[in-house]
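Observations on the model geometry
Spelled out from the first residue to the last, the chains are:
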Amino acid sequence: MISGAYVFVDVETTGVNAARGRVIEVAAIRVEDDNVIKTFSTLIDPEMPISYQITQITGITDGDVAGKPTFREIADELLEILDGAVFVAHNVRFDYSFLRQEFRRLDKKFSPKQLCTVKLSRGLYPEMARHRLSDVIAHHGFSFEARHRAYDDANVLVQFWQKMQQDHPEGVIGNAISKQMRRPSIPPYINRAEIDALPQAPGVYIFHDDDGDPIYIGKSIDIKTRVLSHFMRDVDEQKEYKISQLIRSVSYKRTTGELSALLLESAMIKEKMPLYNRRLRRLKKLTVTTRSTDASGYTVLALEELSMDELPERSQIVAMHPRRSAARASLDRHIKTFELCPKLCGIERGKGPCFAYQLGKCRGACVGAELPSNYNARVEIAYQGRGVEAWPHDGAVLIVERDDESGEQTGFVVDNWIIRAKLQYLPDMDVITEPYQELFDLDAYTILRNYLLTRGERVTITPYRGELS
């Protein structure tokens, strides 16, 4: 595993997003059997401005790259030094994704085997708390002239390569490398060409059995890598092994981005009901924990099993569960943890104090011994974030995500957490509009809420002025 050709690569870029950013410097050092065979290093004109932040990190200015070659002009020379070698970088997916995108703009194929020195460092030097390149340099005392410059950073990786061979036996290093580079074993009845044809793009993938029926549906922002990861784990995980024995073919549906993939996965699982998808099954009914206020001002909780079109006002819902058993278990935990009254939670009936009050585990809301405001505050804390959040917009909005590579856009018209319509924007074509949901869907709500909360900057949200059917 150690012998052969390896190219140690570092790139400096205009940002962190490969789809929008460009390479401004690249260095590659080719090593064969521990001998440096060839080096390559150059500044590159990115054909776009370099931000102040990037200049602060790298020291590279617009003036430095003015008059330097564009990536098109150095592409062939860079491909030559990379040819047939393992692509090695620190956090390899970053450097690889930028170069892959640059080559893709030129319609040049680029898919080398990859090796990450971050993972090697973690495996070979577990005593280190962190494994950033600066940490690796400090730990081993490597020399360099300018940090965050491509050639110096690539040269540090060569020093790391040499150091790890001094510190560890060949077998240990070989195992560390093979964990990253072993080619996944494709299930026996699948054509490898079918797997090779999978895109490294967002979407949904479907594993089919001998009859063509779906047995598992998944989603990813990188379909090919995610599918291969299933086969990497099939020896260690029983579920993955069972799936791998049943798979006869793999199909996929590309989406504009991650949000589209999440929603499509949810919809397809509900429609197809695959054998090995336990989550996101079609729910005809939900068990809802609702709240109301009694004559004394105390919050009263109740469990109700309702169909989607029977759901009460969102303000009355404090939690939703796919099964009554899960709702009851949650209620029991809250009663114990927050000293809620079992009678006000619908667990006990009858007159007088609840049994928990007699044991000193209820503060007496059932007999008026506790102020309603104090009791109600604990109910709010217990169920904070478990109910349906208030719709944060004034009316319907259009949520649009864009595929920067193809220019395609997908929009979702959402009102009060219900996705009313899906809009597909294709270059040089009229917008394609199709209805999406009529009723509230718990999974779609959860997907939308979590996505907008954590990754909302990846989409644009504008008021929707069109008609809703």
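Below or above, wherever it landed, is the structure these notes cover.

Cut-offs used in this document
Here the residue numbering is sequential within each chain, running from 1 through the sequence in written order. Where local features are concerned, this predicted model is filtered to residues with pLDDT of at least 70; where side-chain atom pairs are given and counted, the filter is 80 or more; whole-chain, interface and lining totals use all residues. To get the side-chain values, all heavy atoms of the structure are used, and hydrogens and water are removed first. Helix numbering and strand numbering both begin at the N terminus, where a helix is a DSSP run of H or I of at least 4 residues and a strand a DSSP run of E of at least 2. Put simply, the radius of gyration uses C-alpha atoms, and a globule should come to 2.2 Å times the residue count raised to 0.38. Here's how the labels work: a residue is buried when its accessible area is under 20% of the maximum for its type, exposed when over 50%, partly exposed in between, all with a 1.4 Å probe on protein chains only. Note that accessible areas follow from Shrake-Rupley with a 1.4 Å probe, and for residues the cover is restricted to the protein chains shown. Counting rule applied: Lys, Arg positive; Asp, Glu negative; His and chain ends not counted. Where a charge lies is defined by one atom per residue type: Lys uses NZ, Arg uses CZ, Asp uses CG and Glu uses CD. We define the nonpolar core as a collection of buried residues of types Ala, Val, Leu, Ile, Met, Phe, Trp, Tyr and Cys that are connected through side-chain atoms lying within 4.5 Å of one another. In this scheme, strands are said to pair when DSSP sees at least two bridges between them. Axes here refer to lines fitted to C-alpha atoms; in helices the fit is confined to the stretch in contact. Angles between the N-to-C directions go from 0 to 180 degrees. Each angle is binned into one of four classes, with values under 35 degrees roughly parallel, values over 145 roughly antiparallel, values of 65 to 115 roughly perpendicular, and all other values oblique. Crossings are sorted by hand: turned counterclockwise from the far helix by less than a right angle, the near helix makes the crossing left-handed, and turned clockwise it makes it right-handed. Whether two residues are in contact is decided by their heavy atoms: any pair within 4.5 Å suffices. We call Asp, Glu, Lys and Arg charged. Ala, Val, Leu, Ile, Met, Phe, Trp, Tyr, Cys and Pro are nonpolar, and the rest, Gly among them, are polar. For this text, the term disulfide refers to a pair of cysteine sulfurs within 2.5 Å. Two N or O atoms form a polar contact when they lie within 3.5 Å of each other; inside protein one atom must be a possible hydrogen donor and the other a possible acceptor, and for residues adjacent in sequence the pair counts only when both atoms belong to side chains. When the centres of two rings from Phe, Tyr and Trp lie within 6.5 Å, Trp using its six-membered ring, the rings pair. Their planes under 30 degrees apart give stacked, over 60 give edge-to-face, and anything left gives tilted.

Tallying secondary structure elements over the protein gives 16 helices and 16 strands in all. By the compact-globule yardstick of 23 Å for 469 residues, the protein is too spread out, its C-alpha radius of gyration being 29 Å. Seen through its C-alpha atoms, the protein measures out along the principal axes to roughly 90 × 55 × 55 Å. Within the protein, the proportion of its 469 residues that are buried is 47%. Of the roughly 24,500 Å² of accessible surface on the protein, 47% is carried by carbon and sulfur atoms. Across the protein, the centroid of the 62 positively charged side chains sits 7 Å from that of the 66 negatively charged ones.

Okay, the nonpolar core next. With 29 residues, the main nonpolar core has Tyr6, Phe8, Leu115, Leu120, Trp161, Met164 and Ile177 as its most contacted residues. Mapped by element, the contributors of at least two residues to this core are strand 1 (5–13), strand 2 (23–32), strand 4 (86–89), helix 5 (117–124), helix 6 (133–140), helix 7 (150–167) and helix 8 (170–181). Ranked by the residues each element gives to this core, the list is headed by helix 7, at eight residues. Grouped together as the second largest cluster of nonpolar side chains are 28 residues, Phe71, Val92, Phe110 and Cys116 included.

All right, on to the sheet that holds strand 7 (residues 214–220) then. In space, the three strands of this open sheet follow the order 7-6-8, with antiparallel pairing throughout. Two strands in the sheet have a free side with no partner beyond their single neighbour: strand 7 and strand 8 (249–254). Each neighbouring strand pair of the sheet contributes to a mean axis angle of 20°, computed without reference to strand direction. In this structure, strand 6 (residues 203–208) lies alongside strand 8, joined through six bridges in antiparallel fashion. Opposite Ile206, over in strand 8, you have Ser251 as the bridge partner.

Turning to the packing of helix 5 against helix 7, a few remarks are in order. At a minimum axis separation of 12 Å, helix 5 and helix 7 run at an interaxial angle of 30°. Between helix 5 and helix 7, the angle is such that the two are roughly parallel. Considering the relative orientation of helix 5 and helix 7, their crossing is left-handed. Contact with helix 5, carried on its side by Thr117, Leu120, Ser121 and Leu124, involves Leu157, Phe160, Trp161 and Met164 of helix 7 and no other residues of that element. A class-by-class count of the residues in the contact of helix 5 with helix 7 yields six nonpolar, two polar and no charged.

A separate point is the state of the cysteines. Summed over the entire model, instances satisfying the criterion amount to zero disulfides. As a non-bridged cysteine, Cys354 has Cys362 as the owner of its nearest cysteine sulfur, 3.7 Å distant. A relative accessible area of 0% means that Cys354 is categorised as buried. Looking at Cys366, it has no disulfide partner, and the nearest cysteine sulfur is the one in Cys341, 3.8 Å off. Under the relative-accessibility criterion, Cys366 is labelled partly exposed at 21%.

With that settled, consider the side chain of Glu258. Counting through the fold element by element, Glu258 comes out in helix 12 (residues 258–272). Of note is the side chain of Glu258, whose polar atom sits 3.0 Å from the side chain of Arg455.

Once that is clear, we can look at the packing of aromatic side chains. Scanning the model with the defined rule gives 17 aromatic pairs in all. Between the aromatic rings of Tyr205 and Phe207, the centroid separation amounts to 5.4 Å while the plane-to-plane angle is 50°, which identifies the pairing as tilted. The class of Tyr205 is buried, set by a relative accessible area of 1%. Pairing Phe412 with Tyr436 gives two aromatic rings, centres 5.9 Å apart and planes at 85°, and the pair type is edge-to-face. Remark: Tyr436 occurs in the loop between strand 15 (432–435) and helix 16 (442–455) and Phe412 occurs in strand 13 (residues 409–415); sequence separation between them is 24 residues. Under the relative-accessibility criterion, Phe412 is labelled buried at 2%.

As a further point, take unusual backbone geometry. Positive phi, normally seen in glycine, also occurs at Asp33, with a value near 50°. Within the fold, Asp33 resides in the loop between strand 2 and strand 3 (35–43). Non-glycine residue Met273 carries a positive phi angle of around 50°. Looking at where Met273 falls in the secondary structure, it is placed in the loop between helix 12 and strand 9 (285–293). The class of Met273 is partly exposed, set by a relative accessible area of 35%.

In terms of residue burial, strand 7 counts as a mostly covered element, since five of its seven residues are buried. When strand 6 meets strand 7, the two strands line up antiparallel, connected through six bridges. In the strand pairing of strand 7, Ile206 is matched with Ile217. Taking the residues between adjacent antiparallel strands as the criterion, strand 6 and strand 7 are bridged by five residues, where Gly212 takes a positive phi near 85°.

Turning to the packing of helix 6 against helix 7, a few remarks are in order. The N-to-C vectors of helix 6 and helix 7 enclose an angle of 50°; their axes lie 11 Å apart at closest approach. Classified by the angle their axes make, helix 6 and helix 7 are oblique. For the pair helix 6 and helix 7, the crossing hand works out as left-handed. Taken together, the residues of helix 7 that come into contact with helix 6 (itself represented by Leu133, Val136, Ile137 and His140) are Asp153, Val156, Leu157, Phe160 and Lys163. Taken together, the residues of the contact of helix 6 with helix 7 sort by class into six nonpolar, one polar and two charged.

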